[in-house]
Amino acid sequence: MRSPRTSGTSSGSILIELSIAIAVFAISITALAGLIFSRQQYAATMRNYRQDLFSAVSDLEKMRDGDSAAGTLDAINPCLNQAHTTEGSVSFSIFLADIASATSLGSDCEGSYFPLTITSTSPQPKILSIPLLGIGTALDAVNNTLFISQNIKNASTLTIYKNTNGFISSVSDLALSLPISKLDAVKNFVYLAATGPHDQFQVVDVQDTLHPQLQASLTLPGVAGEYPGATSISYYNKKVYVGTHRTAGREFHIYDVSSAVPAWLGSIELNHNINAIAIREPYAFLATSGNTKDLIILDISDPKSIKQISSLSLTDTEDCLLYT
């Protein structure tokens, strides 16, 4: 028989254990309720995020299909746009490329991104300076490769630079017999406009950037007079367009460069210096000299029968030199 003291102790222990169990249960219920609430809140947040994400992606798809009202679209160059959209907590900024335009430009779509600035640890960017032996006349960048022409006396040098992790170095030089006025680089070739009475259109094969080769050197047909040199050049959709100084012959020429040997297709006389060329088939837009017709628009759908369809005369007497 147990004593009253022992029995009381046992009852007290049971009460204490029961109180502890109730307290633990209550804490567990509270923690569980907090956990359920947190998970519900998290689930709601994720649902909202997924909905915002879905809406943002939908906006970008609309912008890709031409709906500019779905967000903000900034033109980087003729074949690359930057799209911005914000939906709730989600913001996106991506690049949208026009593959057809990039192909027509010979992959010369990202040229504007060749880094002529290098970010350093200082707050201000470090400006990259490239020393030249002669006078730099033209440059273009394709596939992380930079092409610069520089004239030295009555000749020229095409210099090729490579960008490797922000470090830019010269990889090769090609000596040319005539001064170069302009160039246009595409994936495997560099097209050159040269001054002088002959060989105004030159093609350099740069598939091997360590060993560039002069592939073709062609004299523009029907060009004569005191200033027969080429002053501008542009590649578009397997054709090269060459402009000359105002001359006794024809100042605008079209070549087919789909094969190894360029084929002359046609030309037109404009009686102006052709300072720059932009092509958006079936039209050619020419920046020219003179007091009238500073901008000339040509229909080039038939290279054998090029037609001038419009022109624009700017104020004052300055030449039209460059446009995008």
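That block above? That's the structure.
Just so it is clear, the structure is predicted and the values come from calculations on it, not from any experiment. (Residues numbered from 1 in each chain as written. Predicted model: local features only at pLDDT ≥ 70, side-chain atom pairs only at ≥ 80, totals over all residues. Heavy atoms only, no water.)

Caption draft 1: Unusual backbone geometry, seen in detail. With omega at 10°, the peptide bond leading from Glu281 into Pro282 counts as cis. Relative to the helices and strands, Pro282 resides in the loop between strand S18 (274-280) and strand S19 (283-288). If you check the backbone angles, Asn144 has positive phi at about 65° while not being a glycine. Relative to the elements of secondary structure, Asn144 occurs in the loop between strand S6 (135-142) and strand S7 (145-152). With relative accessibility at 38%, the residue Asn144 sits in the partly exposed group. (Helix = DSSP H or I, 4+ residues; strand = E, 2+ residues; numbered from the N terminus. Buried < 20%, exposed > 50% of the residue type's maximum accessible area, 1.4 Å probe, protein only.)

Caption draft 2: Representation of the layout of surface pockets. Considering only enclosed or pocket space, the second largest pocket measures out at about 220 Å³ in volume. Val186, Phe189, Tyr191, Tyr235 and Val257 are, among the 15 residues lining the second largest pocket, the residues nearest its centre. Considering only residue class, the lining of the second largest pocket consists of 8 nonpolar, 5 polar and 2 charged. (1 Å grid on protein atoms, 1.4 Å probe; cavity = no way out; pocket = protein on both sides within 12 Å on 5 of 7 lines; lining within 4 Å. Points joined across faces, edges and corners; volume = space filled by probe spheres on them. Nonpolar A, V, L, I, M, F, W, Y, C, P; charged D, E, K, R; others polar.)

Caption draft 3: Region of the structure containing the sheet that holds S18. Across the sheet, 4 strands lie side by side as S18-S19-S20-S21; this open sheet has antiparallel pairing. Both outer strands of the open sheet, S18 and strand S21 (307-312), are each paired with one neighbouring strand and no more. Strand after strand, the sheet turns through a mean of 20° between neighbouring axes, direction not considered. Across 6 bridges, S18 lies against S19 in antiparallel orientation. Residue Ile279 lies in a different strand from S19, and its bridge partner there is Ala284. (Pairing = 2+ DSSP bridges. Axes fitted to C-alpha atoms, helices over the stretch in contact; angles between N-to-C directions.)

Caption draft 4: The arrangement of the side chain of Thr231 in detail. Inspection of the secondary structure assignment puts Thr231 in strand S14 (residues 230-236). The class of Thr231 is buried, set by a relative accessible area of 19%. Within the structure, the side chain of Thr231 is placed 2.5 Å from the backbone oxygen of Ile274, a separation counted as a polar contact. Look past the residues within four positions of Thr231 in its chain and what remains in contact with it is Ser181, Lys182, Gly243, Thr244, His245, Ile274 and Asn275. (Polar contact = N/O pair within 3.5 Å; in protein donor to acceptor, adjacent residues only side chain to side chain. Contact = heavy atoms within 4.5 Å.)

Caption draft 5: Fine view of the sheet that holds strand S9 (residues 167-176). With respect to topology, 4 strands assemble into an open sheet ordered S6-S7-S8-S9, the strand pairing being antiparallel. Single-partner strands in this sheet number two, and they are S6 and S9. Between one strand axis and the next, the sheet turns through 20° on average, direction left out of account. Where S6 lies against S7, 7 bridges are found, and the strand directions are antiparallel. Note on S7: the bridge partner recorded for Gly136 is Gln150.

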